[in-house]
Structure formats: structure tokens, C-alpha cells
Amino acid sequence: TLVLILDDEREIVDLVNTHAEAWGIRTIVETSPLRALRTLERTPGIRIAFVDVRMPELSGVEFIAAARAARRSWTPSRRRRAARRSLALARFGRTR
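What comes next is a walk through the structure. Treat the numbers as computed from the prediction; the structure is a model and nothing was measured.

Rules behind the numbers
Residues numbered from 1 in each chain as written. Predicted model: local features only at pLDDT ≥ 70, side-chain atom pairs only at ≥ 80, totals over all residues. Heavy atoms only, no water. Salt bridge = Lys/Arg side-chain N within 4 Å of Asp/Glu carboxyl O. Helix = DSSP H or I, 4+ residues; strand = E, 2+ residues; numbered from the N terminus. Buried < 20%, exposed > 50% of the residue type's maximum accessible area, 1.4 Å probe, protein only. Patch = residues over 30% accessible without salt bridge, like charges linked within 9 Å, V, L, I, M, F, W, Y side chains within 5 Å. Areas by Shrake-Rupley, 256 points an atom, 1.4 Å probe, with all protein chains shown as cover. Lys, Arg positive; Asp, Glu negative; His and termini not counted. Charge placed at Lys NZ, Arg CZ, Asp CG, Glu CD.

### With respect to the pattern of salt bridges
According to the stated counting rule, one finds 2 salt bridges in the structure shown. Note that D14 and R10 form a salt bridge whose closest N and O atoms lie 3.2 Å from each other. On the criterion of helical spacing, the pair formed by D14 and R10 is a turn pair, its members being 4 residues apart in helix α1 (residues 10–22). Take D14: its relative accessible area is 35%, and that puts it in the partly exposed class. For R10, a relative accessible area of 42% gives the class partly exposed. Residue R35 pairs with E30 through a salt bridge whose shortest N-O separation is 3.4 Å. Residue E30 is classed as buried on the basis of its relative accessible area, which comes to 13%.

### Things to note about a negative patch on the surface
On the surface, D8, E9, E11 and E57 cluster together to form a negatively charged patch. Within the fold, E11 resides in helix α1. What makes E11 exposed here is its relative accessible area of 58%.

Here it is in C-alpha cells:
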């Protein structure tokens, strides 16, 4: 599973990322909600997001709403590809 870590404070992102990687979790880190939305668009394998609630560009709640809306707008073929990737990860475990 690929996890997005989003916080506008770099120190928090680094701390959470360090612990996640120590547990063997693959991560993508962002410090900007707008960049994180672009990352979600390019990386359909992200299944979990740790998101700060208070950020300057978008709140965490606004970010989650925008991310859900973006995923709903994907074409059916793109949704199927993302679902197949998730199924492959669930079947065969983590890949590196």
C-alpha cells in the first residue's frame, strides 16, 4: 500500500515519514495540498492519506473532498486499472 503524507510543516512530514518507512510502509510526502492533488492524479496506487487539518492553501477537509471528487471523475478504464493494482497488492503483498 502506498501512503500519502500531507502537512504544511516539513518537520511533521519528516517525522511521520521516518516512522512509516521504519514500519515498511511506502510513502509519498507533500507539503502543499495543491501539489498533493496533482500527485494523487498521477499516482492512483495511493490508498491512504495522512492529512493535516489546518493548512494555508486548503484545509485537510477541503483537500479530502477535492481528492474524492477527482477520483470520482476518473474514466471507468482508469478506475479499473487502479482497482487491479490494489487487488494485485492485496494478493501478493507489498512490491518495491
